[in-house]
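Read off the chains here:
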Protein chains: 2
Amino acid sequence: MLKYQQIANEIEKYIEEHALQQGDKLPVLETLMTHFEASKSTIIKSLDLLEKKGVVFQVRGSGIFVRRHKRKGYISLLSNQGFKKDLEDFNVTSEVIELEVRKPTEEAALNLNIEPGDDVYYVKRVRYINGQTLCLEESFYNKSIITYLNTEIVSESIFNYIRDALGLKVGFSDIYLQVDKLNGEEANYLGLPNRSPKLCVETIFHLTNGQPFDFSKITYNYQQSQFFIQANSHFL
Amino acid sequence: MLKYQQIANEIEKYIEEHALQQGDKLPVLETLMTHFEASKSTIIKSLDLLEKKGVVFQVRGSGIFVRRHKRKGYISLLSNQGFKKDLEDFNVTSEVIELEVRKPTEEAALNLNIEPGDDVYYVKRVRYINGQTLCLEESFYNKSIITYLNTEIVSESIFNYIRDALGLKVGFSDIYLQVDKLNGEEANYLGLPNRSPKLCVETIFHLTNGQPFDFSKITYNYQQSQFFIQANSHFL
């Protein structure tokens, strides 16, 4: 981890530990430079990162202010950190339904940019929150990138494994959402009446070099899940 | 608009007009500097902006590549530009149901950070896509910031008016999503059977100074709407 990332983490931790509220002002640049024994450009990089992450907002000529979402128990649609971070006050567990090497579906091959004859790891999991079903998850991993998975790994955080054990750098992702009604199989897994509302989230995860390595489809139990996104002004 | 923003717009337009695909490489920094008659730092700022917007991704030591979502007709959940940009191939219209100055609901006051006795502009619209209902939208504007609205303005893009006529700078927004079933009133407006699935999107829009000015609740017709988000690696 680079120095500006470490500093960003420390500032974020400080905000959390001191329960700072939206609009609370952070110390000025010079104070942060002294405190972290860092150059101006390093502190600016830290603050830019925190702004991108939705932790602070900067007002030109006025200062740096805390930005916090106020609602608990919402799942971030932008985070790749998995549910554990968003739902840390809750008990989230996984049940692995299937784990095998197979050929991709046509849809998976298209989204992973691979050939129909290439191998993928197929993982199907049900995730639970406080004993209730949270979602049904199907993932297709390009086996030439994610070369090995086992039940132990997929019972825990696959992304931690990808980063820490495989040493891969996870980059951007494309996320598609659609609301529909559960089919019979999904309803069974989620323990909901057939034809209940569902949110279906498809994500294509890429490495930092732009190569897609994971195509995942998550079907959420609408009674257990709510989501948030922090959007920045550069989307204007 | 600043020079780096103009250059970013031109690069984005070039990518669109030449239908460049995901993974296509852009010219190197030096070529862009010469072409746009701009300094290195200006081009870097342009490219950073395009990366934040999900238009390109940068691979260290390798170059700048095009990033494109491949699916047409999806609505961006991060854009404040309204539906017109995402759905430009479609005919999107608005019907204004209500427009009046009133006191905020408790929920609206909380999210706008105003007192129950303060005034808001309340706007209720149904939006249509190719003659089908797209969504039902209720918005509460802090009247001390958005000082004037009329039917003509709210029939078109309210955000264009806020930026161009009122000269306000729109900053970040907090977005909350939940899936549920339509109630009778919503079903009526959307022309769907009662208890159909719905996606409810609440957004709190802030000015660049952090002040919330619009609390909006949109209920989508699930048969007509699908969404995308482009997430960057800094959320890891």
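If you're wondering where the values come from, they're calculated on a predicted model, not measured in any experiment.

Caption draft 1: Expanded view of the sheet that holds strand β4 (residues 92-102) of chain A. A sheet is described by the order of its strands in space; here eight strands give the open sequence β4(A)-β5(A)-β6(A)-β9(A)-β8(A)-β7(A)-β10(B)-β3(B), paired in mixed fashion. Two strands close off the open sheet at either side, each with one partner strand: β4 of chain A together with β3 (75-76) of chain B. With 10 bridges joining them, strand β5 (residues 120-129) of chain A and strand β6 (residues 132-142) of chain A adopt antiparallel strand pairing. Along β6 of chain A, the bridge assignment pairs V120 of chain A with N142 of chain A.

Caption draft 2: Quick peek at helix α2 (residues 29-36) of chain B. Residues and elements named next belong to chain B. Within α2, the full set of buried residues consists of L29, L32 and F36. Projection of α2 onto a plane perpendicular to its axis shows the buried side chains occupying an angular sector of 65°, all on one side. In α2, those exposed residues whose orientation departs by more than 90 degrees from the buried face are T34 and H35. The inward-facing, buried residues of α2 contact α1 (3-17) and α3 (40-52). Backbone geometry just downstream of α2 places E37 in the positive-phi region, at approximately 50°.

Caption draft 3: Representation of the environment of T208 of chain B in the model. Position of T208 of chain B relative to the elements: it lies in the loop between β8 (197-207) and β9 (212-221). According to the relative accessible area criterion, T208 of chain B is partly exposed, its value standing at 37%. Sequence separation between T208 of chain B and Y141 of chain B is 67 residues, and the spatial gap between their C-alpha atoms is 16 Å. Setting aside residues up to four positions removed in sequence, T208 of chain B forms contacts with F57, Q58 and V59 of chain A together with K169, V170 and G171 of chain B.

About the criteria used
- Residues numbered from 1 in each chain as written.
- Chains lettered and ligands numbered in written order.
- Predicted model: local features only at pLDDT ≥ 70, side-chain atom pairs only at ≥ 80, totals over all residues.
- Heavy atoms only, no water.
- Pairing = 2+ DSSP bridges.
- Helix = DSSP H or I, 4+ residues; strand = E, 2+ residues; numbered from the N terminus.
- Buried < 20%, exposed > 50% of the residue type's maximum accessible area, 1.4 Å probe, protein only.
- Arc of directions from axis to C-beta.
- Contact = heavy atoms within 4.5 Å.

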